[in-house]
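# Analysis of the macromolecular model
Here's the letter readout for the chains.
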Amino acid sequence: MTSKTDSADKAILMAAFAKMDVVALAVAVGSIWALILLLATAILLLKGAPEGHEIGGHLELLGIYLPGYRVSWGGGLLGAVYFWFLGAITGFILALLWNMTHYLYVIVIVVRSAWWRLMAE
Amino acid sequence: MSNNAFLEPGGDEPVQLNEKLLHAAVKLNTLLLAAVFGSVSGLAMFVLTYLSLYRGLPKPGQFLNLLGVFLPGYSVSHAGAWVGLFWGALIGALLAAMFYRIYARSIASQVQDYLRSGGSKDDLMGVTLRFDGNYLGLALGTIIAGGLFITTSWLVFRGTAEESVNAVLLSQYLPGYTVSMPGALIGAIELFCVVYMLCQLFSWIYNSVARFRGRKPR
């Protein structure tokens, strides 16, 4: 029973300190961002514009930051490529920060415990 | 048997999870995630404001200025960038903390999976995180859908629903959404479903890539 409890404790710590796979998060965030922009563009193209509005007048403003992007099928694909890279960079940074904060926390714990052990001796 | 006690296959005695340790682990990750997201969203607001100021639309801050409706004091200006940094950090940290509080419900089931698989010889710090699509969808869906409901309600209560011509364009993506209380509810439900499905896809991609890279996700 004790070993099971120890295993359970270890499993909790493993879940808490599990590190993110930096590449996997970059790929996943990039893919989802690309899909969102592609769908957002495609929905506008398929549905058309509401009365009194041009098709994708607001979404097309992304073209200011993403050269070549327009609310068109080709533009949607190009925007998806841009968003994939932007998402990948975001995911990469988030995973790095997540892992780094955990490592820093562990380092602080180790240093503190070493300090108290030293003081006790 | 409590919520965090469970029987292993073939076992006769329930294994009780250490509630204190579980709580401390959740608290730690909540704080760390809040710190990470608070910093990132605060900086993002700051950079976006300056991007809009110097390289923005033909009319700088044309749309970003609308955030001032929800973030008191914010505008696309030098002072507004600092106000945006503050609001971005605060809201980012709060949302991240709320997100993790909901998502953390998956930890108990991850621990159970780990123990049912007989444990592993993995080093404590060498384990790769695995996303649970259901809990991720529940947490992120609740936060984002709740955000849409609250911001729409705010537009209704301040009496500017009729003038919210930009917000109403969301109906292009969320059929039935209007800047009204019933519209907000319909939009929130639809948005929850969309986010939930995207989270399922996201988790599948992440877990597959992590597995492919040779690290057994846990």
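Residues numbered from 1 in each chain as written. Chains lettered and ligands numbered in written order. Predicted model: local features only at pLDDT ≥ 70, side-chain atom pairs only at ≥ 80, totals over all residues. Heavy atoms only, no water.

Helix and strand counts for chain B come out as five helices and two strands. Traced from its N-terminal end to its C-terminal end, chain B shows the element sequence β-β-α-α-α-α-α. Among the 218 residues that make up chain B, the fraction classed as buried is 41%. Across chain B, the fraction of contacts at a sequence separation of at least 24, relative to all contacts at a separation of at least 6, is 67%. Of the roughly 11500 Å² of accessible surface on chain B, 69% is carried by carbon and sulfur atoms. (Helix = DSSP H or I, 4+ residues; strand = E, 2+ residues; numbered from the N terminus. Buried < 20%, exposed > 50% of the residue type's maximum accessible area, 1.4 Å probe, protein only. Contact = heavy atoms within 4.5 Å. Areas by Shrake-Rupley, 256 points an atom, 1.4 Å probe, with all protein chains shown as cover.)

To continue, consider the overall build of chain A. Counting secondary structure elements, chain A contains three helices and zero strands. Reading chain A from its N terminus to its C terminus gives the helix and strand order α-α-α. Against the globule reference of 14 Å for 121 residues, chain A gives a C-alpha radius of gyration of 24 Å, more extended than a compact globule. Across the 121 residues of chain A, 38% fall into the buried class. Here the analysis covers contacts within chain A between residues at least 6 apart in sequence; of these, 65% occur between residues at least 24 apart. In chain A, the 7 positive side-chain charges and the 7 negative ones have mean positions that sit 10 Å from each other. (Rg over C-alpha atoms; globule rule 2.2 N^0.38 Å. Lys, Arg positive; Asp, Glu negative; His and termini not counted. Charge placed at Lys NZ, Arg CZ, Asp CG, Glu CD.)

So, about the interface of chain A and chain B. Interface size is commonly expressed as the accessible surface area that is lost when the partners come together. Counting residues at the interface gives 47 residues for chain A and 52 residues for chain B. Note on chain A versus chain B: buried area summed over both sides is about 4800 Å², and carbon and sulfur give 75% of it. The tally of links from chain A across to chain B stands at one salt bridge. Salt-bridge contacts for aspartate 21 of chain A lead to arginine 213 of chain B; the nearest nitrogen and oxygen are separated by 2.9 Å. At the junction of chain A with chain B, the criterion picks out seven residue pairs in polar contact (both at pLDDT 80 or more). Counting residues per element, the side of chain A that touches chain B draws most heavily on helix α2 (residues 22-47) of chain A, which supplies 14 residues. Its residues assigned to classes, the side of chain A that touches chain B comprises 34 nonpolar, seven polar and six charged. (Buried area = accessible area lost by both parts, 1.4 Å probe. Salt bridge = Lys/Arg side-chain N within 4 Å of Asp/Glu carboxyl O. Polar contact = N/O pair within 3.5 Å; in protein donor to acceptor, adjacent residues only side chain to side chain. Nonpolar A, V, L, I, M, F, W, Y, C, P; charged D, E, K, R; others polar.)

All names here are of chain B. A contiguous nonpolar surface patch, about 530 Å² in accessible area, is contributed by Phe86, Leu90, Ile91, Leu94, Leu95 and Met98. Inspection of the secondary structure assignment puts leucine 90 in helix α2 (residues 78-103). Judged by its relative accessible area of 36%, leucine 90 falls in the partly exposed class. (Patch = residues over 30% accessible without salt bridge, like charges linked within 9 Å, V, L, I, M, F, W, Y side chains within 5 Å.)

Next up on the list: the nonpolar core. Counting residues in each nonpolar core, the largest one holds 56 residues, and the members touching the most others are Met20 and Leu25 of chain A together with Phe99, Tyr100, Phe131, Phe202 and Tyr206 of chain B. Those elements giving two or more residues to this core turn out to be α1 (2-17), α2 and α3 (73-120) of chain A together with α1 (19-55), α2, α3 (105-116), α4 (133-157) and α5 (181-212) of chain B. In terms of residue count, α5 of chain B provides more of this core than any other element does, eight residues in total. Membership of the second largest hydrophobic core comes to eight residues, among which are Leu37, Leu59, Leu66 and Phe83 of chain A. (Core = buried A, V, L, I, M, F, W, Y, C linked by side-chain atoms within 4.5 Å.)

The next thing to look at is α5 of chain B. With 32 residues, α5 of chain B extends 46 Å between its outermost C-alpha atoms, agreeing within 8% with the 46 Å of an ideal straight helix rising 1.5 Å per residue. The N-cap residue of α5 of chain B is serine 180 of chain B: its side-chain oxygen and the backbone nitrogen of glycine 183 of chain B are 3.2 Å apart. (Expected span 1.5 Å × (residues − 1).)

At a minimum axis distance of 8 Å, the contact between α2 of chain A and α5 of chain B shows a crossing angle of 145 degrees. Classified by chirality, the crossing of α5 of chain B by α2 of chain A is right-handed. Within the contact between the two elements, α2 of chain A uses Ala24, Leu25, Val27, Ala28, Val29, Ser31, Ile32, Leu35 and Ile36 of chain A and α5 of chain B uses Leu198, Leu201, Phe202, Ile205, Tyr206, Val209 and Ala210 of chain B. Taken together, the residues that form the contact of α2 of chain A with α5 of chain B break down as 15 nonpolar, one polar and no charged. (Axes fitted to C-alpha atoms, helices over the stretch in contact; angles between N-to-C directions. Left-handed = near helix turned anticlockwise from the far one by under 90°.)

Moving on to the side chain of asparagine 99 of chain A. All names here are of chain A. Among the structural elements, asparagine 99 can be located in helix α3. When its relative accessible area of 9% is taken as the criterion, asparagine 99 is described as buried. Within the structure, the side chain of asparagine 99 is placed 2.8 Å from the backbone nitrogen of methionine 20, a separation counted as a polar contact. Setting aside its immediate chain neighbours within four residues, asparagine 99 contacts Lys19, Met20 and Val22.

This brings us to the packing of α1 of chain B against α2 of chain B. Residue and element names in this part refer to chain B. Viewed as axis vectors pointing N to C, α1 and α2 meet at an angle of 150 degrees, and their least axial separation amounts to 6 Å. With respect to each other, α1 and α2 are oriented roughly antiparallel. With respect to the hand of their crossing, α1 and α2 are arranged in right-handed fashion. (Parallel < 35°, antiparallel > 145°, perpendicular 65-115°, else oblique.)

The next point concerns the confidence of the model for chain A. In this model, chain A carries a mean pLDDT of 87, and residues with pLDDT of at least 70 account for 93%. For chain A, the element scoring lowest by mean pLDDT is α1 of chain A, at 75; α2 of chain A scores highest, at 94. (pLDDT = per-residue confidence, 0-100.)

This part covers the environment of valine 40 of chain B. Residue and element names in this part refer to chain B. Considering the arrangement of structural elements, one finds valine 40 in helix α1. For valine 40, a relative accessible area of 28% translates into the label partly exposed. Through-space distance from the C-alpha of valine 40 to that of isoleucine 107 is 25 Å; in sequence the pair is 67 residues apart.

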